Amino acid sequence: MFRLVRCPCLRFSQLRLLSAKARRTRPSAAEPGQGDREPREGAAEGTVPSVSVPSTSVDSGGSRSAPQTLSLHDSLYISSLLDAYLGLGMVSEAELVFNRHRREGHTFPVSVYNKILQSWVKKGSQLRAVMLFESMVRDGVDCNAQTHAIMLVLHTRRKNWDAAKKIVARMESEGYPLKHILQMAQLSKTEAAEVLKAMDHFRVSAEKLPRQVGPYPRVVRSLYDDWSRESDTERPGEVTSGEEKSEERLGVGVASVKVFSPDELKDRLRRQLQMEQQGYLSAPSIAAVHKTDSPEEEALKESTHRLMRQWRRDLTAALKRDNEDFKTVVKCLPALGSKFFGPKQYPFLLLLPAEVWADIVVEEVVVHILGQQQGLPLTFLCRLICDSAWHKYVVLQKKQRGVVEKTSQLYQQFMSHLATPSPPHLPHRQLWQDMDDALASAGSLSVDIPKWPFTVASYVGAGLLSRLIDTAKLSLSDDCNGEAAFFHSYEAGENGWQAGHVKGHQKLFKLFKKYYIKHESTHFRLAAELTPMLIPPRPWSQVNEGGYFVNPVSIMRSVADVYQHHSLLQQAPNLNAVFDSLNVLGTCSWRINTRILDLVTEIFNRGGNDDLGVPVRDPVFPE
């Protein structure tokens with residue numbers, strides 16, 4: 001039997017048997033997620049109660065576990081797992097994981113408490129939310145503005161003004177005034193509306209939160225001084241002629257960009273948002289291809305498309321069956337014990353529809369595999385799948401929370417301000433933040449979704465590739481009908497270690513060489529986060545807020561899984577000078593040198609040239 005990796009998870013056949021057994025032996029305990037009901041009496045021994053007490057920080061034997069510090073990788077995995085459960089609305093299951101690690105002595109930051117608290121409030125479970133908040137106070141967790149804002153939303157919805165008054169008093173005493181809470185907390189549009197109701201009840205008006213200014217290094221101090229005085233330099237968004245005004249005020253060679261009419265700007269913004277939500281740009285290839293197909297090539301074309309469609313259908317059906325099995329197991333968690341939470345690739349595979357996962361595997365992974373004769377490392381494919389899926393999930397969450405709508409509205413106002421005859425002499429960052437504060441009632445633009453670590457990528461990628469190998473079959477001719485299209489093998493690396501690789505069938509390589517390279521490579525997918533923008537980028541205001549409108553990007557590029565690097569960026573005290581410098585550079589328009597591009601295209605279509613750095617046109621495939 002084929003085993004892709006040695007990860008601590010159950011095989012799908014074992015999962016089905018276990019779910020069937022759990023249904024037969026399920027005790028009479030209340031199911032998780034059934035409101036605020038207590039578990040019935042007479043539950044079987046080892047049953048997990050449906051209402052877990054978050055304040056419990058003792059082990060199963062009744063003794064308190066010594067505080068432990070999670071490793072960075074474990075902390076990221078648990079945070080991602082909790083976020084996945086909460087994203088699916090499975091708050092009870094997330095709290096089971098949360099309390100299990102707390103009983104083991106692990107500590108969590110206040111942001112994890114806030115996410116669970118916010119999810120209980122969203123589900124309307126007042127008892128669970130109050131229990132969690134009271135446990136935070138008893139355990140000495142430092143509640144922040146987000147915590148108090150969530151509790152204020154809960155009591156406002158219940159019209160419990162006495163409890164809301166206590167929360168407001170606690171906020172004021174801890175330095176979180178009600179008048180600034182909309183800017184200090186990350187709230188959705190509906191939650192912000194509840195906070196505004198509380199402000200109206202307590203007769204408090206929302207005020208702008210003072211922003212931090214300076215001090216800045218001397219080398220960039222002139223950049224801020226110049227914004228306070230008039231200048232003859234063209235504003236960003238206006239057209240200059242040639243190099244008539246090469247002496248820019250900021251000394252960084254800022255070129256002006258083309259000014260857009262309101263209708264053109266709206267159309268370009270729509271196309272930019274559409275591309276980012278889609279996740280990729282279908283770009284034309286520079287390779288010269290045949291415009292007409294012979295009868296033999298038409299048959300190869302049909303075979304290629306038929307295989308792709310069949311693999312996508314089979315993989316989608318298999319993933320849907322597995323998802324249903326996992327949902328059945330989750331309902332039986334009390335019967336299975338507190339330490340069983342199913343295969344490690346779940347619940348991440350439930351965050352996106354099965355059709356989306358199948359499209360990622362077939363359209364992106366399969367083409368990569370067939371493009372390499374020796375196959376591709378399993379780790380590379382797992383990271384490729386996980387990165388693409390995480391970007392799609394973040395975009396989906398931003399769309400559901402109204403971030404896309406608010407960003408579009410803000411950007412149009414932002415560009416309108418810059419196009420006025422007397423634009424405000426403010427850094428673009430500050431102007432964007434001021435406009436964002438003015439629309440605080442529309443919710444926050446920040447969405448706190450942790451980047452999936454490689455642990456998640458290995459679980460999810462290995463599970464999907466395993467299903468691809470199980471379901472993808474060849475149907476090119478009678479002699480190979482039913483054979484596996486892909487297989488897994490081990491290859492010796494440079495250090496002598498055995499590394500897993502996924503390879504394609506030899507007949508697939510021949511088909512890929514004869515038809516796909518020459519006819520289907522007229523267009524290729526380019527990740528949206530790697531493409532130029534159709535309009536000036538969104539101003540940078542935080543290390544992960546700026547540039548693209550929807551795509552999650554960081555202000556600094558780095559290799560994958562450099563978690564300490566991202567943590568240090570978040571802890572940096574003041575990066576406003578960096579933000580403003582990048583925002584100035586972002587106003588520069590650029591164009592492709594078409595003469596050089598035409599020359600490179602001609603060299604590529606002639607076979608490439610290694611000395612010039614132009615890749616070889618046709619890769620080598622086995623005969």
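What counts and how
- Residues numbered from 1 in each chain as written.
- Predicted model: local features only at pLDDT ≥ 70, side-chain atom pairs only at ≥ 80, totals over all residues.
- Heavy atoms only, no water.
- Helix = DSSP H or I, 4+ residues; strand = E, 2+ residues; numbered from the N terminus.
- Buried < 20%, exposed > 50% of the residue type's maximum accessible area, 1.4 Å probe, protein only.
- Contact = heavy atoms within 4.5 Å.
- Areas by Shrake-Rupley, 256 points an atom, 1.4 Å probe, with all protein chains shown as cover.
- Phe/Tyr/Trp six-rings, centres within 6.5 Å; stacked < 30°, edge-to-face > 60°.
- Lys NZ or Arg CZ within 6 Å of the ring centre and 35° of its normal.
- Salt bridge = Lys/Arg side-chain N within 4 Å of Asp/Glu carboxyl O.
- Polar contact = N/O pair within 3.5 Å; in protein donor to acceptor, adjacent residues only side chain to side chain.
- Axes fitted to C-alpha atoms, helices over the stretch in contact; angles between N-to-C directions.
- Parallel < 35°, antiparallel > 145°, perpendicular 65-115°, else oblique.
- Left-handed = near helix turned anticlockwise from the far one by under 90°.
- Nonpolar A, V, L, I, M, F, W, Y, C, P; charged D, E, K, R; others polar.
- Pairing = 2+ DSSP bridges.
- Patch = residues over 30% accessible without salt bridge, like charges linked within 9 Å, V, L, I, M, F, W, Y side chains within 5 Å.

Going by the annotation in an unreviewed UniProt entry, the name recorded for the protein is DNA-directed RNA polymerase, mitochondrial, with Geodia barretti given as the source organism.

Draft legend 1. Seen up close, the overall build of the protein. Each helix and strand in the protein was counted, giving 22 helices and seven strands. Within the span of the protein, comprising 623 residues, buried residues form 46% of the whole. Taking all contacts inside the protein whose residues are at least 6 apart in sequence as the whole, residues at least 24 apart take part in 71%. Accessible surface, the protein as shown: approximately 32500 Å² in total, 52% of it carbon and sulfur.

Draft legend 2. Summary view of the packing of aromatic side chains. One pass over the full model with this rule turns up 10 aromatic pairs. Ring geometry for Tyr411 versus Phe414: centroids 6.4 Å apart, planes at 35°, classification tilted. Residue Tyr411 and its partner Phe414 are both found in helix H16 (residues 403-418); the two are separated by three residues, about one turn of the helix. Lying across the ring of Trp390, Lys451 places its NZ or CZ 5.0 Å from the centre.

Draft legend 3. Structural view of the pattern of salt bridges. Applying the stated criterion across every chain yields a total of 23 salt bridges. Two residues, Glu545 and Arg538, come together in a salt bridge whose shortest N-O distance is 3.3 Å. Judged by its relative accessible area of 7%, Glu545 is buried. Residue classification places Arg538 among the buried residues on the basis of a relative accessible area of 4%. A network of salt bridges, in which partner residues are shared, links Asp83, Lys115 and Asp448.

Draft legend 4. Layout of the side chain of Gln118. Structurally, Gln118 is set in helix H4 (residues 110-123). Here Glu191 takes part through its side chain, which lies 2.9 Å from a polar atom of the side chain of Gln118. The residues contacting Gln118, other than those within four sequence positions of it, are Gln146, Ile150, Gln186 and Glu191.

Draft legend 5. Fine view of the environment of Ser446. Relative to the assigned elements, Ser446 resides in the loop between helix H17 (428-438) and helix H18 (454-471). The class of Ser446 is buried, set by a relative accessible area of 17%. C-alpha separation for the pair Ser446 and Leu187, spaced 259 residues apart in sequence, amounts to 8.8 Å. Discounting chain neighbours no more than four positions away, the residues touching Ser446 are Gln186, Gln542 and Glu545.

Draft legend 6. Local environment of the packing of H4 against helix H5 (residues 126-138). As a packed pair, H4 and H5 sit with axes 8 Å apart at the nearest point and diverge in direction by 160°. Considering their axes alone, H4 and H5 lie roughly antiparallel with respect to each other. The hand of the H4/H5 crossing is left-handed. Side by side, H4 and H5 meet where Val110, Tyr113, Asn114, Ile116, Leu117, Trp120 and Val121 of the first sit next to Arg128, Ala129, Leu132, Phe133 and Met136 of the second. Partitioned by chemical class, the residues of the contact of H4 with H5 number 10 nonpolar, one polar and one charged.

Draft legend 7. Up close: the sheet that holds strand E3 (residues 486-492). The strand order E2-E4-E3 describes an open sheet built from three strands, whose pairing is antiparallel. Edge strands, defined here as strands with exactly one partner in the open sheet, are strand E2 (376-377) and E3. Note: E3 against strand E4 (residues 498-504), seven bridges, orientation antiparallel. Its bridge partner lying in E4, Phe487 is registered against Lys503. Contacting E2, E3 and E4, helix H14 (residues 354-370) runs over the sheet at an angle of about 100° to E4.

Draft legend 8. Local environment of the pairing of strand E6 (residues 538-542). Across the five residues that make up E6, a large majority, four, are buried. Of the strand pairs in this sheet, E6 and strand E7 (residues 545-547) are connected by two bridges, and their pairing is antiparallel. In the sheet register, Gln542 faces E7, and the bridge partner there is Glu545. Between E6 and E7, which pair antiparallel one after the other, the connecting turn spans two residues.

Draft legend 9. Representation of a nonpolar patch on the surface. On the surface, Val578, Leu582 and Leu585 cluster together into a nonpolar patch covering about 220 Å² of accessible area. Its location among the elements puts Leu582 in helix H21 (residues 576-586).

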